[in-house]
Amino acid sequence: MERTLSILKPDATRRNITGAINAKIEASGLRIIAQKRIRLSVEEAQQFYAVHKERAFYDDLCKFMTSGPVVVQVLEGNNAVEHYRTVMGATNPANADEGTIRREFAESLEANSAHGSDSSENAENEIKFFFSDIEIVA
């Protein structure tokens, strides 16, 4: 069993579609073992996305991720990182496969409804960023 971090982005919370996204996650075989709705501060967003600090989209990403509440989650399942990335679909919703979260729910490249860890190592670090061990119930 592996764990990965999921963030349902402000576009998803604004449109009240987090339940529909959760249903898609669970139908794929992943378990949601921790979940909370939070509002990121600018400092938290900057820290979380620090790996992208030198990229042109960094400031816009931090601004978007602090524009409304997000739902942070720990997902568990076999090969969870890769599995969830498949469930989410391509970053650009126009390139995402039919039936994926981003194809069905994204508004744009930036407002693509979901974030998922890109490696097991990053998943571990990202989960620790948002959750203490007591909050994760497997």
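Worth saying up front: this structure is predicted, and the values here are computed from it rather than measured.

Moving on to the overall build of the protein. The helix and strand inventory of the protein stands at 7 helices and 4 strands. Taking 14 Å as the expected radius of gyration for a compact globule of 138 residues, we find that the protein reaches 14 Å, a close match to that expectation. Summarising its shape, the C-alpha atoms of the protein cover approximately 35 × 35 × 25 Å along the three principal directions. Counting over 138 residues, the protein shows a buried share of 47%. Considering only contacts within the protein whose residues lie at least 6 apart along the sequence, 77% involve residues at least 24 apart. A gap of 4 Å separates the mean positions of the 16 positive and 21 negative side-chain charges of the protein.

So, about helix α4 (residues 58-65). Looking only at α4, the buried set comprises Y58, L61, C62, F64 and M65. What you see down the axis of α4 is that its buried residues fit within an arc of 165 degrees, all on one side. Of the residues in α4, the exposed ones pointing more than 90 degrees away from the buried face are D59 and K63. Buried residues along α4 sit in contact with β1 (2-8), α1 (10-14), α3 (42-48) and β3 (70-77).

Moving on to the pattern of salt bridges. Within the structure shown, the criterion is met by 9 salt bridges. With its nearest N and O atoms 3.6 Å apart, the salt bridge here joins E76 to R31. Placement of E76 in strand β3 and of R31 in strand β2 (residues 31-38) is noted, with a sequence separation of 45 residues between them. By relative accessible area, E76 is classed as buried at 9%. One salt bridge in this structure joins K36 and E135, with 3.0 Å as the shortest N-O distance. Here E135 lies in the segment after α7 (120-130) and K36 lies in strand β2, a separation of 99 residues in the sequence. Residue class for K36 comes out partly exposed when judged on its relative accessible area of 24%. By relative accessible area, which is 33% here, E135 ends up partly exposed. One salt-bridge network, held together by shared partners, links D11, R14, R15 and E107.

The next thing to look at is the environment of M88. Note on placement: M88 falls in helix α5 (residues 80-88). Judged by its relative accessible area of 0%, M88 falls in the buried class. Separated by 13 residues in the primary sequence, M88 and I101 place their C-alpha atoms 4.7 Å from one another. In contact with M88, other than residues within four places in its own chain, are T100, I101, R102, A114, H115 and G116.

It is worth spelling out the pairing of β1 at this point. Among the 7 residues that make up β1, 6 are buried, leaving the element largely enclosed by the rest of the structure. Direction of pairing for β1 relative to β3: antiparallel, over a ladder of 7 bridges. In the sheet register, L8 faces β3, and the bridge partner there is V71. Note: β1 against strand β4 (residues 114-116), 3 bridges, orientation antiparallel. Directly across from S6, in β4, lies its bridge partner G116.

About the criteria used
- The numbers attached to residues start from 1 for each chain and follow its sequence in the written order.
- Per-residue local features are limited, in this predicted model, to residues with pLDDT of at least 70; the limit for side-chain atom pairs, both in listing and counting, is 80 or more; totals at the level of whole chains, interfaces and linings are taken over all residues.
- To obtain the side-chain values, all non-hydrogen atoms of the structure were included, while hydrogens and water were left out.
- Under the DSSP-based scheme used, a helix requires at least four consecutive residues in state H or I and a strand at least two consecutive residues in state E, with every element numbered from the N terminus.
- Values of the radius of gyration come from C-alpha atoms, whereas the globule rule sets the reference at 2.2 Å times the count of residues to the power 0.38.
- For every residue, the accessible area obtained with a 1.4 Å probe (protein chains only) is divided by the maximum for its type, and the residue is called buried under 20%, exposed over 50%, and partly exposed between those limits.
- Only heavy atoms enter the contact rule, under which two residues are in contact if any of them lie within 4.5 Å.
- In summary, the charge assignment counts Lys and Arg as positive and Asp and Glu as negative, without counting His or the chain termini.
- By convention, the charge on Lys lies at NZ, on Arg at CZ, on Asp at CG and on Glu at CD.
- The directions from the helix axis to the C-beta atoms are what the arc is built from.
- Think of a salt bridge as a Lys or Arg side-chain nitrogen and an Asp or Glu carboxyl oxygen that are within 4 Å of each other.
- Two strands are said to pair when DSSP picks up at least two bridges between them.

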